[in-house]
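Chain by chain, the residues:
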Protein chains: 4
Amino acid sequence: MIKAGIIGATGYAGGELVRILLGHPQVEITWYGSKSYIGQKYAQVYQNMFRLVEDTCLDDQIEELARQVDVIFTATPQGFLAGVLTEEILDQVKVIDLSADYRIKDVAVYERWYGIRHKSPRLIEEAVYGLCEKNRESIKSARLIANPGCYPTCTYLSIAPLAKAGYLDMKTVIVDAKSGVSGAGRGAKVDNLYCEVNENIKAYGVGSHRHTPEIEEQLSLAAAEPVTINFTPHLVPMNRGILITAYASVKEGVTEGMIRSAYEEAYRKEAFVRLLEPGVCPQTKWVEGSNYVDVNAVYDERTGRVIMMGAMDNVVKGAAGQAVQNMNLLFGLPEQTGLLMVPLFP
Amino acid sequence: MIKAGIIGATGYAGGELVRILLGHPQVEITWYGSKSYIGQKYAQVYQNMFRLVEDTCLDDQIEELARQVDVIFTATPQGFLAGVLTEEILDQVKVIDLSADYRIKDVAVYERWYGIRHKSPRLIEEAVYGLCEKNRESIKSARLIANPGCYPTCTYLSIAPLAKAGYLDMKTVIVDAKSGVSGAGRGAKVDNLYCEVNENIKAYGVGSHRHTPEIEEQLSLAAAEPVTINFTPHLVPMNRGILITAYASVKEGVTEGMIRSAYEEAYRKEAFVRLLEPGVCPQTKWVEGSNYVDVNAVYDERTGRVIMMGAMDNVVKGAAGQAVQNMNLLFGLPEQTGLLMVPLFP
Amino acid sequence: MIKAGIIGATGYAGGELVRILLGHPQVEITWYGSKSYIGQKYAQVYQNMFRLVEDTCLDDQIEELARQVDVIFTATPQGFLAGVLTEEILDQVKVIDLSADYRIKDVAVYERWYGIRHKSPRLIEEAVYGLCEKNRESIKSARLIANPGCYPTCTYLSIAPLAKAGYLDMKTVIVDAKSGVSGAGRGAKVDNLYCEVNENIKAYGVGSHRHTPEIEEQLSLAAAEPVTINFTPHLVPMNRGILITAYASVKEGVTEGMIRSAYEEAYRKEAFVRLLEPGVCPQTKWVEGSNYVDVNAVYDERTGRVIMMGAMDNVVKGAAGQAVQNMNLLFGLPEQTGLLMVPLFP
Amino acid sequence: MIKAGIIGATGYAGGELVRILLGHPQVEITWYGSKSYIGQKYAQVYQNMFRLVEDTCLDDQIEELARQVDVIFTATPQGFLAGVLTEEILDQVKVIDLSADYRIKDVAVYERWYGIRHKSPRLIEEAVYGLCEKNRESIKSARLIANPGCYPTCTYLSIAPLAKAGYLDMKTVIVDAKSGVSGAGRGAKVDNLYCEVNENIKAYGVGSHRHTPEIEEQLSLAAAEPVTINFTPHLVPMNRGILITAYASVKEGVTEGMIRSAYEEAYRKEAFVRLLEPGVCPQTKWVEGSNYVDVNAVYDERTGRVIMMGAMDNVVKGAAGQAVQNMNLLFGLPEQTGLLMVPLFP
């Protein structure tokens with residue numbers, strides 16, 4: 001059994017890690033870390049875990065944890081892990097970081113968008129960006145995984161097949177994203193109160209959302225050219241789910257058939273990316289609670305643009321599920337182990 | 001492997017049966033029956049099953065089905081199964097009926113509340129009421145299971161410990177129930193449109209809901225006296241979940257401690273009924289997607305009444321989950337097989 | 001023009017007061033008080049008021065306010081008004097208090113249920129309980145109005161006709177209430193986050209909700225006997241709306257016709273209470289945004305109980321709307337002035 | 001008093017017309033037309049109107065209606081009005097059509113996108129496109145108003161100031177739209193059931209939505225050049241509201257200040273278009289139930305694109321409110337008469 005510790009187990013992503021790992025046949029959670037609920041029973045913080053988890057929340061002591069477990073998941077605020085992670089820890093334990101601390105290779109970019117000084121920039125180089133479908137092989141031998149952001153995961157998987165095929169004019173990429181409210185976390189803020197979100201939709205972080213450089217970096221790698229995009233996230237009145245609607249002009253000579261083939265080839269062997277039948281638009285509800293990403297594209301010959309769509313559960317494939325997928329790769333397990341949850345409908 | 005056929009696989013309860021059985025290690029679904037979608041791919045009706053189910057919907061031919069499978073689940077409108085079920089079918093196959101056709105022992109009561117003539121009243125006697133926590137032993141040797149209604153399941157489990165202990169004045173029992181919209185089925189009706197249900201709550205079927213006699217029959221058995229109740233269901237703007245708030249006067253001499261003890265004893269060994277800590281009120285979200293029922297009670301000494309509460313996922317423990325629990329009992333499997341889904345939160 | 005000041009203008013009830021008073025032909029709001037947003041533009045706190053309100057939030061200085069306006073509305077936490085209200089203020093200005101400070105005549109009961117020492121008990125006697133349909137005449141000449149709680153308003157109007165007619169066994173009254181989330185206020189609390197409330201229903205304050213003694217006092221007056229009830233509120237995933245489902249045994253000899261007549265007589269002349277057609281159950285959506293209360297009752301002869309139902313917008317008739325109705329009475333205006341908003345559907 | 005008749009009074013737009021006209025000081029509704037509910041009391045179809053409307057639904061007889069009223073509103077399926085409208089009717093009565101029949105000047109475009117043969121193409125020329133902020137003067141003297149679609153209204157008002165100023169590269173315009181469910185109408189369809197829409201978001205009609213040519217025609221007029229766009233609508237789990245997020249590259253030399261000024265100039269005198277403070281993103285909840293459209297724009301210098309946003313209540317400014325605004329213009333009333341509803345929050 002793999003012994004797992006979670007730092008930040010009482011946020012929504014932490015809670016989902018617990019849900020998934022409880023169903024994982026090879027993992028035992030031995031440390032439920034929490035800054036806000038130390039000493040409280042975990043099942044009092046998440047009553048759905050009543051009788052399923054008997055443990056009490058512990059302090060976030062990463063050094064002690066490193067001695068006790070095989071893998072640490074950190075579902076913590078930006079900057080936390082960068083401030084405490086050391087070579088010594090990485091010598092003892094695998095670390096899968098759900099925060100953004102090690103996702104962006106250029107530390108200056110990170111510091112500019114996040115407004116934080118990075119405290120362990122030397123480790124950025126070593127960290128592997130844990131988008132499993134992209135970096136499967138390098139993940140297997142990593143010590144430190146930068147688990148991707150929710151928007152970047154869904155955006156990348158929606159666009160990458162065409163970007164890699166060289167079919168898109170990358171200067172024209174626009175990403176319009178929609179997310180459920182769990183992405184905003186469990187902190188008590190007026191903006192996330194039921195009455196403020198319900199019966200409402202808005203854009204936020206227009207031109208300034210922190211996932212922008214992460215998406216750009218990954219798309220640049222896919223397209224093998226520097227990519228700058230517009231990324232506009234919206235808050236949707238639902239708990240879970242991310243929907244990406246991305247637009248780009250296709251290059252001269254690219255046909256609908258070529259577009260379809262690019263997706264088919266990219267995802268033929270992927271367990272968690274489902275290319276929908278032609279004409280079927282992804283819906284977040286069809287993937288809720290699962291690790292699937294549903295993608296599809298529509299070519300609009302009137303404008304010469306392709307509309308690329310992807311739907312995903314932001315808490316699963318966009319956070320905890322992908323973290324477990326990374327863990328499976330790190331420990332040599334079949335990638336789907338413990339992740340075959342069937343989407344919940346309705 | 002147990003071969004299972006589902007008649008009515010394209011309703012919400014049928015869809016949930018598929019979800020649960022796909023994760024069951026000992027079952028293979030070999031027949032997806034549907035009146036409305038014959039010849040269509042099942043995964044087009046429920047897109048969440050894309051790539052998980054390759055089958056096409058078949059006609060609802062119970063006789064053919066009886067020859068091919070080991071167990072038939074019927075998630076069909078009232079009266080359907082009563083009209084087609086025969087001794088010959090029951091000789092060949094176990095039948096678990098999610099409709100109300102065989103739940104009520106007194107056929108006259110059934111016919112009055114449902115407004116249908118029962119076409120196979122001889123089989124009512126044989127049918128076992130599939131409330132597993134109540135009838136576990138008789139279920140094991142049955143051929144025909146009447147899977148309980150959603151409201152009756154949650155109501156019974158919330159009240160029965162005190163009714164059996166003889167602590168309640170059964171003439172005073174009032175059940176105020178709240179349900180998500182999936183209980184109303186997938187039929188296209190104006191009343192169940194998003195805009196009619198959202199931002200709204202109403203009572204319905206006041207004094208006339210068909211689950212009333214089913215609840216009364218089961219509570220009568222628990223209390224060993226004839227029971228007549230008020231039952232008022234309400235429609236709540238959420239997909240899943242049932243919450244029961246039941247009221248009754250307690251008999252002279254009954255104390256808070258005795259009440260607690262009655263629940264503790266009743267559910268100490270039950271896998272799927274969770275008696276919450278004193279003072280914690282059940283919430284439907286804490287059991288969503290799972291087979292758990294969370295119960296608790298508050299004794300109000302000002303009025304001498306006990307408020308009994310229960311929360312459950314109406315599609316799981318209230319329908320498909322309990323049906324699978326019954327199947328496990330019928331086939332000698334551990335009762336929890338395939339049913340340990342952790343509740344989804346948020 | 002009546003000059004109005006609002007203390008606590010930035011809570012949900014305060015915001016609704018502003019919405020309603022902006023449409024009132026005889027009122028001008030001259031003071032937007034707020035503890036948390038002093039110095040901020042009101043329209044930045046409530047962006048729906050952009051270009052409709054140009055004012056800036058002011059401190060909650062009741063003495064200064066008393067000199068400047070004709071009526072003060074206080075939509076403040078329990079205990080605030082009791083701590084600052086004086087005879088001098090009441091000599092200068094009418095006060096309509098949306099908090100509970102002056103609703104309960106027995107100060108000991110108030111202090112026990114609210115856990116606060118009442119700082120101006122002498123003024124309780126003078127205060128008039130502002131349930132307009134009940135105390136219309138005494139309101140007209142009052143200086144201090146205790147605007148009723150949301151649950152008490154809806155409960156009283158649902159039950160009172162039968163209680164006053166002497167048709168109910170008052171010892172059997174049980175009130176099961178359901179409320180939207182705006183009743184919980186705009187404070188940032190984890191329990192009221194979107195993800196915690198959405199797709200969820202729960203009871204809360206079982207046996208201990210503070211509106212219980214207020215309901216009991218008013219029903220005691222209606223029935224002319226001391227009344228003790230069970231009151232169980234539930235939190236429903238919707239912004240606005242309260243639904244009451246109340247149960248009581250009717251006395252020997254009371255018929256369905258007598259019940260109907262009692263309601264008809266009670267509400268024949270009432271502008272804001274709509275007795276629905278027989279058999280139609282109230283729905284909160286049918287009154288949203290309006291000052292109406294929809295009521296109806298079903299007599300269940302199987303149990304000899306009557307199920308009394310009422311639906312209301314908790315922020316309007318349950319708070320701001322009723323406050324304006326009281327203001328109209330205080331200033332000799334037609335009671336419906338500014339309150340004829342048509343319910344918003346869908 | 002203006003006598004008004006409504007054909008299609010029992011759809012959501014028809015219901016909203018009733019709500020608004022009940023509060024209009026100069027209008028009396030004398031005909032509630034309905035195909036599906038003839039002979040039923042209107043208040044039984046829309047229970048919110050109980051005691052506010054005593055009328056019974058009448059047949060949709062436009063010729064009879066033309067003799068009885070001053071203005072006819074048609075909130076009917078595509079093709080209906082085109083099939084029955086005649087010169088004789090227009091000689092007797094003003095007609096405001098909420099369907100698409102007379103919105104698009106090129107009948108071939110209409111027939112291609114709607115898949116219907118237009119039965120009265122001669123009248124298209126005469127019809128005035130009733131976007132009040134654009135065609136105010138020509139509306140005043142019209143007989144037949146083509147009330148704009150919901151998406152086109154919000155899109156046009158969000159983009160037009162920059163299009164008219166010549167600041168946008170019109171070949172790059174992309175419109176990503178989000179709508180509440182009321183836009184789908186009150187017809188009973190599985191896709192619009194609560195359980196199918198709740199906790200879900202999807203794109204629909206990608207590349208093929210019928211509002212596309214209407215938007216293109218109006219933007220072409222604004223920009224004085226032929227415009228082809230991408231338009232992608234999404235279905236959001238909320239009753240009301242449309243949010244537009246539109247993208248375009250700005251021309252060389254256009255600055256943030258020029259963009260702001262273009263909006264300021266365009267809307268300085270407009271009663272119903274609110275240009276938000278710089279940096280504030282529109283939210284649909286801030287305009288719910290009102291005739292306002294909130295707009296704003298963000299210039300992203302990294303990409304040289306401007307993100308143009310607009311929020312509106314689709315049933316009000318997107319349908320019934322704008323129809324009443326048109327009626328006010330037609331009858332020489334102040335444009336805001338009966339339309340000053342304050343947005344409902346929360």
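Residues numbered from 1 in each chain as written. Chains lettered and ligands numbered in written order. Predicted model: local features only at pLDDT ≥ 70, side-chain atom pairs only at ≥ 80, totals over all residues. Heavy atoms only, no water.

Caption draft 1: The relation of the copies chain C and chain B, seen in detail. Overlaying chain C on chain B yields an RMSD of 0.0 Å, the required transformation being a rotation through 180° with an accompanying axial translation of 0.0 Å. The superposition of one copy onto the other is thereby described by a two-fold rotation axis. Residue Pro237(C), judged by its C-alpha, is the member of chain C lying nearest the rotation axis, at 3.2 Å. (Least-squares fit on C-alpha atoms with pLDDT ≥ 70 in both.)

Caption draft 2: Structural context of the interface of chain C and chain B. In this complex, chain C contributes 48 residues to the contact, which on the side of chain B involves 48 residues. Interface area lost by chain C to chain B is led by Glu199(C), Ile201(C) and Arg302(C), which between them contribute 18%. Applying the counting criterion to the chain C and chain B interface returns four salt bridges. A salt bridge links Glu216(C) to Arg302(B); its shortest N-O distance comes to 2.5 Å. Where chain C touches chain B, the interface holds 30 residue pairs in polar contact (both at pLDDT 80 or more). Contributions of two or more residues to the side of chain C that touches chain B are made by strand 7 (174–179), helix 10 (194–197), strand 8 (202–203), helix 11 (211–223), strand 9 (230–235), strand 10 (242–249), strand 12 (293–300) and strand 13 (305–312) of chain C. The biggest single contributor to the side of chain C that touches chain B is strand 7 of chain C, with four residues. A per-class count over the side of chain C that touches chain B returns 21 nonpolar, 14 polar and 13 charged. (Contact = heavy atoms within 4.5 Å. Buried area = accessible area lost by both parts, 1.4 Å probe. Salt bridge = Lys/Arg side-chain N within 4 Å of Asp/Glu carboxyl O. Polar contact = N/O pair within 3.5 Å; in protein donor to acceptor, adjacent residues only side chain to side chain. Helix = DSSP H or I, 4+ residues; strand = E, 2+ residues; numbered from the N terminus. Nonpolar A, V, L, I, M, F, W, Y, C, P; charged D, E, K, R; others polar.)

Caption draft 3: The domain arrangement of chain A, seen in detail. Residues and elements named next belong to chain A. According to the domain assignment, chain A contains domain 1 (2–126) and domain 2 (151–313). Computed from C-alpha coordinates alone, the two centres of domain 1 and domain 2 are separated by 27 Å. Facing 15 residues of domain 1, the contacting portion of domain 2 comprises 14 residues. Overall, the association of domain 1 and domain 2 removes approximately 1,200 Å² of surface from exposure, summing both partners, and the carbon and sulfur fraction of that is 51%. Inspection of the region where domain 1 meets domain 2 yields two salt bridges. Our count for the contact surface shared by domain 1 and domain 2 stands at six residue pairs in polar contact (both at pLDDT 80 or more). Broken down by secondary-structure element, the contributors of at least two residues to the side of domain 1 that touches domain 2 are helix 1 (12–22) and helix 6 (107–114). Across the side of domain 1 that touches domain 2, the residue classes tally to eight nonpolar, two polar and five charged. (Domains from an automatic or database assignment.)

Caption draft 4: Expanded view of the environment of Pro343(C). With respect to the helices, strands and loops of the structure, Pro343(C) is situated in the segment after helix 13 (316–330). Along the primary structure Pro343(C) and Phe50(C) are separated by 293 residues, whereas in three dimensions their C-alpha atoms are 23 Å apart. When neighbours within four sequence positions are excluded, Pro343(C) is seen to be in contact with Arg274(C), Trp286(C), Val287(C), Glu288(C), Ser290(C), Tyr292(C), Arg19(D), Asn48(D) and Leu52(D).

Caption draft 5: Geometry of the environment of Gly241(C). All names here are of chain C. On the secondary structure map, Gly-241 appears in the loop between strand 9 and strand 10. Placed twelve residues apart in sequence, Gly-241 and Gly-253 show a C-alpha to C-alpha distance of 35 Å. Sequence-distant contacts of Gly-241, defined by excluding residues within four places in its chain, comprise Lys-178, Ser-179, Gly-180, Thr-284, Met-312, Asp-313 and Asn-314.

Caption draft 6: How the structure looks around the sheet that holds strand 3 (residues 71–74) of chain D. Residue and element names in this part refer to chain D. Sheet architecture is open: six strands sit in the order 2-1-3-4-6-5, paired in parallel fashion. Unpaired on one side and paired on the other, strand 2 (27–32) and strand 5 (128–129) mark the two borders of the sheet. Sheet analysis places strand 4 (residues 94–97) next to strand 6 (residues 144–146), joined by three bridges and oriented parallel. Across the sheet, residue Val-95 finds its bridge partner in strand 6, namely Leu-144. (Pairing = 2+ DSSP bridges.)

Caption draft 7: Quick look at the pairing of strand 13 (residues 305–312) of chain B. All names here are of chain B. In terms of burial, strand 13 is a largely internal element, eight of the eight residues being buried. Burial of strand 13 is two-sided: the residues Arg-305, Ile-307, Met-309 and Ala-311 facing one way and the residues Val-306, Met-308, Gly-310 and Met-312 facing the other way are all buried. In terms of strand pairing, strand 10 (residues 242–249) meets strand 13 through eight bridges, oriented antiparallel. Looking at strand 13, one finds that Leu-243 is bridged to Ala-311. Relative to strand 13, strand 12 (residues 293–300) is paired through eight bridges, and the arrangement is antiparallel. Within strand 13, the residue paired with Val-295 across the bridge is Gly-310. (Buried < 20%, exposed > 50% of the residue type's maximum accessible area, 1.4 Å probe, protein only.)

Caption draft 8: Focus on helix 12 (residues 256–267) of chain B. Residue and element names in this part refer to chain B. When the terminal C-alpha atoms of helix 12 are compared, their 17 Å separation across twelve residues agrees well with the 16 Å that a helix rising 1.5 Å per residue should span. Buried residues of helix 12: Ile-259, Ala-262, Tyr-263 and Tyr-267, and no others. In a view along the axis of helix 12, the buried residues occupy a sector of 105°, so they form one face of it. Summarising the contacts, the buried residues of helix 12 are in contact with helix 9 (150–164), strand 11 (273–275), strand 12 and strand 13. (Expected span 1.5 Å × (residues − 1). Arc of directions from axis to C-beta.)

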